[in-house]
Amino acid sequence: MNRFDNKTVLVTGGNSGIGLATAQQFANEGARVIITGRDQAKLDVAKEQLGAAAITILSDAGDSKSAKALGAELAAKGITLDAVFINAGVALFSPLEGVDDAFWDNMFNTNVKGAYFTIQAITPLLNRGAAVILNGSINAHIGMENSSVYAASKAALISLAKTLSAELIGRGARVNVVSPGPVATPLYGKLGMEAEQLNQVAAGIQAQIPLKRFGTPDEVASAVVYLSSPEAAFIVGTELIVDGGMSQL
């Protein structure tokens, strides 16, 4: 299928994990794909995987000025957008007593503030019929210990999917959110745990998933591509949970 022929798609944090898998699926369906990230070397590797038509832009998702600069750069190049996946984010976990201002600000700046101002910056570039997909998390629903700040940041994104839907619907743009459960991505290697501890945590999480396995980036990517496609034209302000039944059963 080539549902995205002659379409342009932006994926923030598109250099690895769910973001890269989503960018690849869009590219496979004919889209011109723009990916952002904070590491130029990783962006270069992703571009090789995605192909020559891909565009990479160095951008810090946690910096509102960088978000505005991204919008300005796209506008200067005459680029308009048919789909946007607001994917860039951080996942850090701490008990209540371990959270300080820096921990809180890092999480909310990247997961909420950066996402919000990125959407603000690219809104004038959205073509009629465009789709904006936010990357949420089932942590906003399940009350997992040590996830209070992360879960709150993702709950904010889920709320934004509804309120921004109301604001952007007049422009012909749809906003929805995909909330993954545990997914096997490089993110799990960035939690600051020793390998043995990380394996124990992973085993404990997997036992809570009815399907008894972690999801894959491609499975989440397929949900994002669906919500961005013409088949989802009547879906607005909705959260699609992709978690192997973890939060549902």
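Rules of the game
- Residues numbered from 1 in each chain as written.
- Predicted model: local features only at pLDDT ≥ 70, side-chain atom pairs only at ≥ 80, totals over all residues.
- Heavy atoms only, no water.
- UniProt positions renumbered as here; feature names shortened; annotations may be inferred.
- Helix = DSSP H or I, 4+ residues; strand = E, 2+ residues; numbered from the N terminus.
- Expected span 1.5 Å × (residues − 1).
- Contact = heavy atoms within 4.5 Å.
- Polar contact = N/O pair within 3.5 Å; in protein donor to acceptor, adjacent residues only side chain to side chain.
- Phe/Tyr/Trp six-rings, centres within 6.5 Å; stacked < 30°, edge-to-face > 60°.
- Buried < 20%, exposed > 50% of the residue type's maximum accessible area, 1.4 Å probe, protein only.

So, about the UniProt feature "domain: Ketoreductase" (unreviewed entry) in the protein. In this structure's numbering, the residues bearing the UniProt feature "domain: Ketoreductase" (unreviewed entry) are residues 7-172. What you have in residues 7-172 is 50% helix and 18% strand, and the ends, taken at the C-alpha atoms, are 16 Å apart.

Let us look at helix H3 (residues 64-76). With 13 residues, H3 should reach 18 Å at 1.5 Å per residue; the first-to-last C-alpha distance of 18 Å fits that figure. Along its buried surface, H3 packs onto strand E1 (8-11), strand E2 (32-37), strand E3 (55-58), strand E4 (81-86) and helix H4 (101-122). For H3, the N-terminal capping position is held by Asp63, with its side-chain oxygen 3.0 Å away from the main-chain nitrogen of Lys65. Following H3 by one or two positions, Gly78 adopts a phi angle in the positive range, close to 70°.

Now for helix H8 (residues 217-228). The end-to-end C-alpha distance of H8 is 17 Å, a good match for the 16 Å that 12 residues give at a rise of 1.5 Å each. Close packing links the buried residues of H8 with helix H1 (17-28), E4, strand E5 (126-135), strand E6 (174-180) and strand E7 (239-242).

Turning our eyes to something else, we now look at the packing of aromatic side chains. On inspection of all chains with the given rule, the structure shows four aromatic pairs. Relative to Phe108, the ring of Trp104 lies with its centre 4.5 Å away and its plane at 10°, an arrangement referred to as stacked. Here the residue Trp104 and the residue Phe108 both occupy positions in helix H4, the gap between them amounting to four residues, near one helical turn.

Here we take up unusual backbone geometry. Positive phi, normally seen in glycine, also occurs at Asn146, with a value near 70°. Examined against the element boundaries, Asn146 turns out to sit in the loop between helix H5 (139-142) and helix H6 (148-168). Taking relative accessible area as the criterion, Asn146 reaches 37% and is therefore assigned partly exposed. Non-glycine residue Lys212 carries a positive phi angle of around 60°. Checked against the element boundaries, Lys212 lands in the loop between helix H7 (195-207) and H8.

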